[in-house]
Amino acid sequence: MIAPTESKSIVAVAPHDAGSYVENGARVVAHEVDIEVTDLNQSLTERGDNYNEWVVRNFKVVGLFVAEPATTWQDVPMPMSEGMPTHIIGQDVDISIPQLAEDFKGLPIYSLSEREILRCTASGWHPVAHSDIYSPVHEENYQPVVRQHVLPAASIQRFFSAGNSCVEVFLRPKKKSFLQGSSWGGFVEIRKWDEQVEKGANVLEAAFQDLVDRIIAGQDALTPEESLVVAQFWAIISERSRARRQPLISGSMLESITPSALPQTHLDHLERQGIFMAGTTEQINRAAYGLAQTMAILQTRRRPSSWRIVRANEGQFLVSDNYHHDQFVPVNPTTYLAPGNGALTLDLTAVEEFNKFLLAASEQYVFALSLSECGVGIKAPPRG
């Protein structure tokens, strides 16, 4: 059982096939429309012979629903004559409620009677109110994302060494090397872009990380769809990189004369929905930076590009703090993504030249798994 986490969690409903499809790891529909209560009712009361469909995103798991007698689909060995090889078939197998409780520890188990929702407890099945399962997202409790990563933490962590949750950072202004984790202040901005684009980019970032897993596992070429995933990811980190270096409005030129009287938590919740009512310079700037990211992502669809996998035969790659300088996307210490076709392998000299370019393009810092392996004359920081 799942529950929406925002007003836009339910994307589409239909009493039959809604025509959804998977794109960049997320289920979408061609045309999203506003959903009314009558649409929800019809999806249940007018369901066709086969199935209905709800398309949901940004949800949370709230329980396990069981229609007794409970069964699960399992592969089981089929009895064969002596000397015959074992044959495995899939079939329904009965499973007890205690076994489900053991397999899904901490997850409440629900079922239905003719008129009520029931919850399984130690003393049996008991009625439970709908509101006890599906609690709405309360505006007064909403917590925005404050520390926003320019390059996602998952990407930074791919440069960690085994058993060590740090990367080696070289701070150019001070010519100093040190160790830092993915939460270091240099990797994040404090509420630089708006809450809607921060949360909305999660789907694109997840699709990119899934692709990276396949590349690390040995994939050598990208399909047009996978190239689009990379292009959209680069659009995000490029505009975030640009945002941290290019201030927009200073002072109170566009400050609202009559700022909203709503509590800050309500204003943050509205910002998550794309509604900007605070009237402050900070929120106007966040909206502008967020719009720049959204427009950059949309442009990748209008101008499709091909991306290639670049691997280091020797040495390691640096990562710059400047992602809008050129179209390069770090993957791990020995892999990058760049525009082009066909896999490319660089020898040690080419890796060192590329790293020199990245170092020159950086504005404050570069980082790597091992700075001394990058061939740019930076010594590794001392380790405890």
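See above for the structure.
Residues numbered from 1 in each chain as written. Predicted model: local features only at pLDDT ≥ 70, side-chain atom pairs only at ≥ 80, totals over all residues. Heavy atoms only, no water.

## Some words on the sheet that holds strand β22 (residues 365-368)
If you walk across this open sheet you meet the four strands as β15-β14-β22-β18, and the pairing is antiparallel. Each edge of the sheet is formed by a strand with only one pairing partner; in this case those strands are β15 (176-180) and β18 (319-320). (Pairing = 2+ DSSP bridges. Helix = DSSP H or I, 4+ residues; strand = E, 2+ residues; numbered from the N terminus.)

## Re the pairing of strand β2 (residues 10-14)
Of all five residues in β2, four are buried, a share of seventy percent or more. The pairing of β2 with strand β5 (residues 53-56) spans four bridges and is antiparallel. Residue pairing in the sheet places isoleucine 10 in a bridge with valine 56 of β5. (Buried < 20%, exposed > 50% of the residue type's maximum accessible area, 1.4 Å probe, protein only.)

## Brief notes about the nonpolar core
In a soluble, globular protein the nonpolar side chains are often hidden away together inside. Residues Phe187, Leu318, Leu337 and Phe367 are the most contacted members of the largest nonpolar core, which totals 55 residues. Secondary-structure elements contributing two or more residues to this core are β14 (167-171), α5 (195-216), α6 (224-245), β17 (307-312), β19 (329-332), β20 (335-339), α9 (348-361) and β22. If near-sequence neighbours (up to four positions away) are discounted, leucine 318 is found in contact with Tyr336, Asn355, Leu358, Leu359, Val366, Phe367, Ala368, Leu371, Cys374 and Val376. Grouped together as the second largest cluster of nonpolar side chains are seven residues, Ala70, Ile97, Leu100 and Ile109 included. (Core = buried A, V, L, I, M, F, W, Y, C linked by side-chain atoms within 4.5 Å. Contact = heavy atoms within 4.5 Å.)

## Considering unusual backbone geometry
The backbone phi angle of lysine 175 is positive, close to 50°, even though this residue is not glycine. Secondary-structure assignment places lysine 175 in the loop between β14 and β15. Of note in the backbone geometry, arginine 191 takes a positive phi value of approximately 45° without being a glycine. Checked against the element boundaries, arginine 191 lands in the loop between β16 (188-190) and α5. Judged by relative accessible area, arginine 191 falls into the buried class, the value being 17%.

## Points about the state of the cysteines
One pass over the structure, following the stated rule, counts zero disulfides. Of the cysteine sulfurs around cysteine 374, a residue in no disulfide, the closest is that of cysteine 166, at 16 Å. Look at cysteine 374 and you get buried, because its relative accessible area is 1%. (Disulfide = S-S within 2.5 Å.)

## Some words on empty space enclosed by the protein
To locate leftover empty space, one rolls a probe as large as a water molecule over the atoms. Under the defined criterion, the tally for this structure stands at one cavity of 30 Å³ or more. Its boundaries defined by the atoms lining it, the largest cavity holds a volume of some 80 Å³. Along the walls of the largest cavity sit Ser320, Asn322, Tyr323, His325, Asp326, Phe328, Tyr336, Phe357, Leu358 and Ala361, which together make up its complete lining. For the lining of the largest cavity, the leading source of residues is α9, giving three residues. Of the residues contributing to the lining of the largest cavity, the split by class is six nonpolar, three polar and one charged. (1 Å grid on protein atoms, 1.4 Å probe; cavity = no way out; pocket = protein on both sides within 12 Å on 5 of 7 lines; lining within 4 Å. Points joined across faces, edges and corners; volume = space filled by probe spheres on them. Nonpolar A, V, L, I, M, F, W, Y, C, P; charged D, E, K, R; others polar.)

## Details of the packing of α5 against α6
Interaxial distance between α5 and α6 falls to 9 Å at its minimum, and their mutual angle equals 130°. Between α5 and α6, the interaxial angle falls into the category oblique. Where α5 crosses over α6, the two elements pack in a sense that is left-handed. Contacts from Val197, Glu198, Ala201, Leu204, Glu205, Ala207, Phe208, Gln209, Leu211 and Arg214 in α5 reach Glu226, Val229, Val230, Gln232, Phe233, Ile236 and Arg240 in α6. Here the contact of α5 with α6 is built from residues that sort into 10 nonpolar, two polar and five charged. (Axes fitted to C-alpha atoms, helices over the stretch in contact; angles between N-to-C directions. Parallel < 35°, antiparallel > 145°, perpendicular 65-115°, else oblique. Left-handed = near helix turned anticlockwise from the far one by under 90°.)

## Quick look at the packing of aromatic side chains
By convention here, two paired aromatic rings are described through the distance between centres and the angle between planes. Summed over the entire model, instances satisfying the criterion amount to 12 aromatic pairs. Taking 5.1 Å as the distance between ring centres and 70° as the angle between the ring planes, the aromatic pair formed by tryptophan 184 and tyrosine 365 counts as edge-to-face. Placement of the pair is tryptophan 184 in the loop between β15 and β16 and tyrosine 365 in strand β22, with a sequence separation of 181 residues. Neither residue differs from the other here; tryptophan 184 and tyrosine 365 are each classed as buried. Centre to centre, the rings of phenylalanine 328 and phenylalanine 357 are 6.0 Å apart; their planes meet at 80°, and the pair counts as edge-to-face. Of this pair, phenylalanine 328 sits in the loop between β18 and β19 while phenylalanine 357 sits in helix α9; the two residues are 29 residues apart in sequence, bridging distant segments of the chain. (Phe/Tyr/Trp six-rings, centres within 6.5 Å; stacked < 30°, edge-to-face > 60°.)

## Some remarks on helix α8 (residues 281-302)
Residues spaced three or four apart along an α-helix point in a common direction, a consequence of the helix completing one turn every 3.6 residues. Its 22 residues give α8 an end-to-end C-alpha distance of 32 Å, which sits within 8% of 32 Å, the value for a rise of 1.5 Å per residue. For α8, every residue scored as buried is listed here: Thr281, Gln283, Asn285, Arg286, Tyr289, Gly290, Gln293, Ala296, Ile297 and Thr300. Tucked inside the fold, the buried residues of α8 contact α5, α6 and α7 (264-272). (Expected span 1.5 Å × (residues − 1).)

## Notes on the side chain of asparagine 332
Within the secondary structure layout, asparagine 332 lies in strand β19. A distance of 2.9 Å separates polar atoms of two side chains, one belonging to asparagine 332 and the other to threonine 335. Every residue in contact with asparagine 332, bar those within four places of it in the chain, is listed here: Arg158, Phe159, Ile216 and Phe317. (Polar contact = N/O pair within 3.5 Å; in protein donor to acceptor, adjacent residues only side chain to side chain.)

## Topic: the sheet that holds strand β10 (residues 109-112)
Strands pair in a sheet through their backbones, by hydrogen bonds, and they do so in one of two ways: parallel or antiparallel. Taking strand neighbours across the sheet as the criterion, the four strands line up as β7-β10-β11-β12 in an open arrangement whose pairing is mixed. Edge positions in the sheet fall to β7 (64-65) and β12 (124-127), since each has one partner strand and no second. Here β10 runs beside strand β11 (residues 117-121); their pairing, made up of three bridges, is antiparallel. From the neighbouring strand, tyrosine 110 faces β11, where its bridge partner is arginine 119.

## Side note on the pattern of salt bridges
Summed over all chains, the structure comprises 13 salt bridges. With a shortest N-O distance of 3.6 Å, glutamate 195 and lysine 199 are connected by a salt bridge. One end of the pair, glutamate 195, and the other, lysine 199, are both in helix α5, four residues apart, so they sit about a helical turn from each other. Residue glutamate 195 is classed as buried on the basis of its relative accessible area of 0%. Residues glutamate 353 and lysine 356 are paired through a salt bridge, measuring 3.5 Å at the closest nitrogen-oxygen approach. Taken together, the residues glutamate 353 and lysine 356, both in helix α9 and three residues apart, mark about one turn of the helix. Taken together, the shared-partner salt bridges in this structure form one network comprising Glu198, Glu205 and Arg240. (Salt bridge = Lys/Arg side-chain N within 4 Å of Asp/Glu carboxyl O.)

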